[in-house]
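Next come the chains, spelled out residue by residue.
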Amino acid sequence: KELSKFSGNDRYVDGYDDSVYYTDYVLNRFWEKLKDKPEFQAMLYFSDHGEAIDEDASHGVDNFMFSMVRIPLVIFVSEIYRANNPDLVEALYAHRSNVFTNDLIYELMCGLMCIQSEHYDTTASIASNQYRYTKEMMTTYDGRIKLTDDKEG
């Protein structure tokens, strides 16, 4: 309750806004505790789904809205990580506006951790300068909905 910040709109909207505020608060606390530790390298956050906060919609294909699949992806890296991985950090920065789905988290994690594997596709990692995906190539909901159908995002 002490972190409740929003009130006056709608209980559901206020609760959602409070949850975003609380998530930011928790992430900031993690960052503040970790950033100066010599062993800290990187921190990644993404949510499992977005929300159609102003709509009466459930999370299913029948009531699908693109706001439900727009999720935050935040990557924090230490100065040591930057110094040791300048090309990787440059690739992340270069791809900051590229389309990305959380189906590609495996590749992103392999890239961030510099893991080599026969299963790791560097062209599917935004941590690689070889990233190849465009909005035209991407889908959601098990490939049933094309991201190019999203006129707002």
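Residues numbered from 1 in each chain as written. Predicted model: local features only at pLDDT ≥ 70, side-chain atom pairs only at ≥ 80, totals over all residues. Heavy atoms only, no water.

Describing the overall build of the chain
Within the chain, the secondary structure is distributed over four helices and four strands. Element order for the chain, N to C, with α for helix and β for strand: α-β-β-α-α-α-β-β. Across its three principal directions, the C-alpha atoms of the chain cover 50 × 40 × 20 Å. Residues classed as buried in the chain amount to 28% of the 153 residues present. Counted over contacts in the chain with a minimum sequence separation of 6, partners at least 24 positions apart contribute 51%. Summed over its atoms, the accessible surface of the chain is roughly 10500 Å², and 49% of this surface lies on carbon and sulfur atoms. Put simply, the chain has 15 plus and 27 minus side-chain charges, and the middle of one group is 4 Å from the middle of the other. (Helix = DSSP H or I, 4+ residues; strand = E, 2+ residues; numbered from the N terminus. Buried < 20%, exposed > 50% of the residue type's maximum accessible area, 1.4 Å probe, protein only. Contact = heavy atoms within 4.5 Å. Areas by Shrake-Rupley, 256 points an atom, 1.4 Å probe, with all protein chains shown as cover. Lys, Arg positive; Asp, Glu negative; His and termini not counted. Charge placed at Lys NZ, Arg CZ, Asp CG, Glu CD.)

What about the side chain of T101?
Structurally, T101 can be placed in the loop between α3 (86-94) and α4 (105-112). For T101, a relative accessible area of 12% puts it in the buried group.

Some points on the packing of aromatic side chains
All chains considered together, the criterion is met by six aromatic pairs. Seen in terms of ring centroids, W31 and F40 are 5.8 Å apart; in terms of plane orientation they differ by 75°. Their pairing is edge-to-face. Overall, the relative accessible area of 21% leaves W31 in the partly exposed class. The class for F40 is buried, based on a relative accessible area of 6%. Between Y131 and Y133, the aromatic rings sit 5.9 Å apart at their centres with planes inclined by 50°, giving tilted as the arrangement. With relative accessibility at 9%, the residue Y131 sits in the buried group. Through a chain of ring-to-ring contacts, three or more aromatic side chains come together here, namely W31, F40 and F76. (Phe/Tyr/Trp six-rings, centres within 6.5 Å; stacked < 30°, edge-to-face > 60°.)

Regarding the nonpolar core
Counting residues in each nonpolar core, the largest one holds 19 residues, and the members touching the most others are Y81, L88, L92, L104, L108, L112 and Y133. At the level of elements, α3 and α4 are the ones that each hand at least two residues to this core. (Core = buried A, V, L, I, M, F, W, Y, C linked by side-chain atoms within 4.5 Å.)

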